[in-house]
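For reference, the chains in residue letters:
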2 protein chains.
Amino acid sequence: MSHTKVLPLLDPAEGQGAPCCPPVTERPMTSEEAERAARMFKALGDPVRLRLFSAVASHEGGEACVCDISDVGVSQPTVSHHLKKLKEAGLLTSERRGTWVYYRVQPSVLAAMGRLLAGAPAGA
Amino acid sequence: MSHTKVLPLLDPAEGQGAPCCPPVTERPMTSEEAERAARMFKALGDPVRLRLFSAVASHEGGEACVCDISDVGVSQPTVSHHLKKLKEAGLLTSERRGTWVYYRVQPSVLAAMGRLLAGAPAGA
């Protein structure tokens, strides 16, 4: 199931660099665009998950494993659960190395979401 | 109740221009920052609500009433309900003029959320 949701904010037809949606100030989103973007916002709509996301995003080297994140006040299985949810939403990628799974933020997705909210000056 | 939540992403101590949170790539968010920002992301985590938000944000003059938004495929009471939720989350402000309530995006909040996701180069 989760593998079908890997990069929902990117248009697969246009490749990795292309965000799905124009800035919200530009024009109303289509139903399909809203479905994709809402999935990501929903994933960030939980305080613990958002803290974990920022913990990964700001970690040295841009990646972190569960073993690196222990100061959010929830158990390691809960951390793992939330990181999986972020991955299913397309916000993180993961790679197993030895005992641990390392999570990394999708920079293009982050940029696309930021652009969607911040508005773009021109050329969009 | 709803009036206590008007600008959760802005620090009231620092005034309207100051976003609550640093870019997620800068450092892990505190529990309090995450609470505030997650409330907004959660509000955008529903496809219909996100479409309505973009409909208001992109409407002529930067504001819209329920009467302006009729092409999202939901009833007017449902539109009103969602706009109220967006207002409670601090993403929209509203003003009654005659028969209609007009909604407007909080540009500073939008910019703060965009910055939180997009990352800031320096001076943050």
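What counts, and where the lines are drawn
Residues numbered from 1 in each chain as written. Chains lettered and ligands numbered in written order. Predicted model: local features only at pLDDT ≥ 70, side-chain atom pairs only at ≥ 80, totals over all residues. Heavy atoms only, no water. Least-squares fit on C-alpha atoms with pLDDT ≥ 70 in both. Contact = heavy atoms within 4.5 Å. Salt bridge = Lys/Arg side-chain N within 4 Å of Asp/Glu carboxyl O. Helix = DSSP H or I, 4+ residues; strand = E, 2+ residues; numbered from the N terminus. Buried < 20%, exposed > 50% of the residue type's maximum accessible area, 1.4 Å probe, protein only. Core = buried A, V, L, I, M, F, W, Y, C linked by side-chain atoms within 4.5 Å. Phe/Tyr/Trp six-rings, centres within 6.5 Å; stacked < 30°, edge-to-face > 60°. Buried area = accessible area lost by both parts, 1.4 Å probe. Nonpolar A, V, L, I, M, F, W, Y, C, P; charged D, E, K, R; others polar.

Would you mind showing me how to read the relation of the copies chain B and chain A here?
Copy one and copy two of the chain differ by a rotation about an axis and a translation along that axis. Overlaying chain B with chain A gives an RMSD of 0.0 Å, the required rotation being 180° about an axis along which the chain moves by 0.0 Å. In symmetry terms, the pair is related by a two-fold rotation axis. Using C-alpha coordinates, one finds that chain B approaches the rotation axis most closely at Gly-114 of chain B, a distance of 2.1 Å. When the interface residues of chain B are mapped onto chain A, 100% of them again lie at the interface, so the same face is used by both copies.

Is there a simple way to think about the pattern of salt bridges in this case?
All names here are of chain B. As enumerated under the stated definition, the model contains eight salt bridges over all chains in all. Of the charged contacts in the structure, one is a salt bridge between Glu-63 and Arg-104, with a shortest N-O distance of 3.3 Å. Taken as a pair, Glu-63 in strand β1 (residues 63–65) and Arg-104 in strand β3 (residues 100–105) lie far apart in primary sequence, 41 residues in all. Judged by relative accessible area, which is 16%, Glu-63 ranks as buried. Judged by relative accessible area, which is 37%, Arg-104 ranks as partly exposed.

Where do I start with the nonpolar core in this structure?
Across soluble globular proteins, nonpolar side chains show a tendency to be buried alongside one another. Within the largest apolar cluster, 68 residues are counted, with the highest numbers of intra-cluster contacts made by Phe-41 and Leu-91 of chain A together with Phe-41 and Leu-91 of chain B. Not counting residues up to four positions away in its chain, the partners in contact with Phe-41 of chain A are Met-113, Leu-116 and Leu-117 of chain A together with Phe-41, Lys-42, Leu-44, Gly-45, Leu-50 and Leu-117 of chain B.

Got a minute to help me understand the packing of aromatic side chains in this structure?
Note on aromatic pairs: each is described by the distance of the centres and the angle between the planes. Under the counting rule described, the total for this entry stands at one aromatic pair over all chains. Note on Phe-41 of chain A and Phe-41 of chain B: the rings are 6.0 Å apart at their centroids and 15° apart in plane angle, and the pair reads as stacked. Taken together, the residues Phe-41 of chain A in helix α1 (residues 31–43) and Phe-41 of chain B in helix α1 (residues 31–43) connect one chain to another. In terms of burial, Phe-41 of chain A and Phe-41 of chain B fall into one category: buried.

What should I look at first to understand the interface of chain B and chain A in this one?
How big an interface is tends to be expressed through the accessible area that disappears when the partners come together. Counting residues at the interface gives 30 residues for chain B and 30 residues for chain A. Of the roughly 2,500 Å² buried between chain B and chain A on both sides combined, carbon and sulfur atoms contribute 75%. Counting every contact that joins chain B to chain A gives zero salt bridges. Listed by contribution, the elements that provide at least two residues to the side of chain B that touches chain A are α1, α2 (47–57) and α4 (107–118) of chain B. Grouping the constituent residues of the side of chain B that touches chain A by class yields 17 nonpolar, seven polar and six charged.

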